[in-house]
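# Structural description and commentary
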Amino acid sequence: METETKASVTLLDVRIAVAILICCLTSTILDHLGLRFQAGEMRLEVIQKMTACISCLLCCQDNVPISKKAGINRLIITAIGGLVGIAVICIDNVLGNPWIMVLMIALGILVTLFLCKAAKVPYINARIGGVTFILVTCTLSGTARIWYGIFRFVSTFYSVLIVLLVTWVFQKAVKK
C-alpha cells in the first residue's frame, strides 16, 4: 500500500513564488514605464513575464548549486532553441513560403534536439529547447520573431539570476 503524503507548502514553493513575484513585478514596472521594444507594429516586453515565470518554475531548486546547474541548462537550451529559430526565421524572411517553413520547422526541431544533446543537457531539457524553437518561429511574424527570441533569452537570463539570488538569500536566512 502506498503511503499518502500530506499536501503542504514547502520552503521551495515559497522561494519559487518569491522569484516569480520579482520577475512579474519587474516586467510590470518596465511595462508601466513604457519600456517595451518596438518591432514593426509589435511592442515586445523586454522582460517577458511568461518566459521569466516559467524559468523560475523550472530553475528554482533546493540549493544554489543545483539551481545554478538548472539555470545553466535552461540558458543553454534557450540559446540553442532561439538561435536555431532565428536561423530558420532568416531563411523564412527571404523565401516567404509557408510550405517550406513547415519543413524548416521539422528540420529545426531535429537540429535543436541534436545541439542540445551535444551540449550534454538532460533529454527533457533538450525537448524544452524545442519548445523555445517552436515559440520563436511560430509565435509572431516577420522580424518581430527575431526580437522575441532575443528578449526570450534576456528574460530567461534575468530569471535565472533572480532564482539564484532568492535561493541564496533564503539559504542565508535559514542558516541564521
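These notes cover the structure that comes with them. Remember, it's a predicted structure, so these values are computed and weren't measured experimentally.

According to the stated counting rule, one finds 0 disulfides in the structure shown. In this model Cys-56 remains outside any disulfide bridge; the closest cysteine sulfur is found in Cys-23, 3.6 Å from its own. Overall, Cys-56 belongs to the buried group, its relative accessible area being 0%. With no disulfide of its own, Cys-138 lies closest to Cys-90 among cysteine sulfurs, the gap being 15 Å.

As a further point, take the pattern of salt bridges. Under the criterion given, the structure shown has 2 salt bridges. Linking Arg-36 and Asp-31 is a salt bridge whose minimum nitrogen-to-oxygen distance equals 2.4 Å. Judged by relative accessible area, Asp-31 falls into the partly exposed class, the value being 36%. A salt bridge links Asp-92 to Arg-145; the shortest N-O distance between them is 3.0 Å. Of this pair, Asp-92 sits in helix H3 (residues 64–95) while Arg-145 sits in helix H6 (residues 144–175), and the two are 53 residues apart along the sequence. Each member of the pair, Asp-92 as well as Arg-145, carries the same accessibility label: buried.

Here the focus is helix H2 (residues 49–59). When H2 is considered as a whole, its buried residues turn out to be Thr-51, Ala-52, Cys-53, Ser-55, Cys-56 and Cys-59. Those residues of H2 hidden inside the fold are in contact with helix H1 (11–32), H3 and H6.

For the rest of this paragraph, the subject is a nonpolar patch on the surface. A cluster of nonpolar side chains, namely Val-9, Leu-11, Val-14 and Val-174, defines an oily patch on the protein surface of about 360 Å² accessible area. If you trace the backbone, Val-174 turns up in helix H6. For Val-174, a relative accessible area of 56% corresponds to the exposed category.

Turning our eyes to something else, we now look at the packing of aromatic side chains. Within this structure, the stated rule accounts for 3 aromatic pairs. Within the aromatic cluster, the residues linked to one another by ring pairs are Phe-37, Trp-147 and Phe-151.

Counting 16 residues, the largest nonpolar core has Ala-19, Cys-23, Cys-56, Cys-59, Ile-162, Val-163 and Val-166 as the members making the most contacts within it. Mapped by element, the contributors of at least two residues to this core are H1, H2, H3 and H6. For this core, the element with the highest residue contribution is H6, accounting for 5 residues. With residues up to four places along the chain from it excluded, the contact list for Cys-56 reads Ile-16, Ala-19, Ile-20, Cys-23, Ser-159 and Val-163. Grouped together as the second largest cluster of nonpolar side chains are 12 residues, Val-88, Met-101, Leu-113 and Cys-116 included.

Definitions and cut-offs
- Residues numbered from 1 in each chain as written.
- Predicted model: local features only at pLDDT ≥ 70, side-chain atom pairs only at ≥ 80, totals over all residues.
- Heavy atoms only, no water.
- Disulfide = S-S within 2.5 Å.
- Buried < 20%, exposed > 50% of the residue type's maximum accessible area, 1.4 Å probe, protein only.
- Salt bridge = Lys/Arg side-chain N within 4 Å of Asp/Glu carboxyl O.
- Helix = DSSP H or I, 4+ residues; strand = E, 2+ residues; numbered from the N terminus.
- Contact = heavy atoms within 4.5 Å.
- Patch = residues over 30% accessible without salt bridge, like charges linked within 9 Å, V, L, I, M, F, W, Y side chains within 5 Å.
- Areas by Shrake-Rupley, 256 points an atom, 1.4 Å probe, with all protein chains shown as cover.
- Phe/Tyr/Trp six-rings, centres within 6.5 Å; stacked < 30°, edge-to-face > 60°.
- Core = buried A, V, L, I, M, F, W, Y, C linked by side-chain atoms within 4.5 Å.

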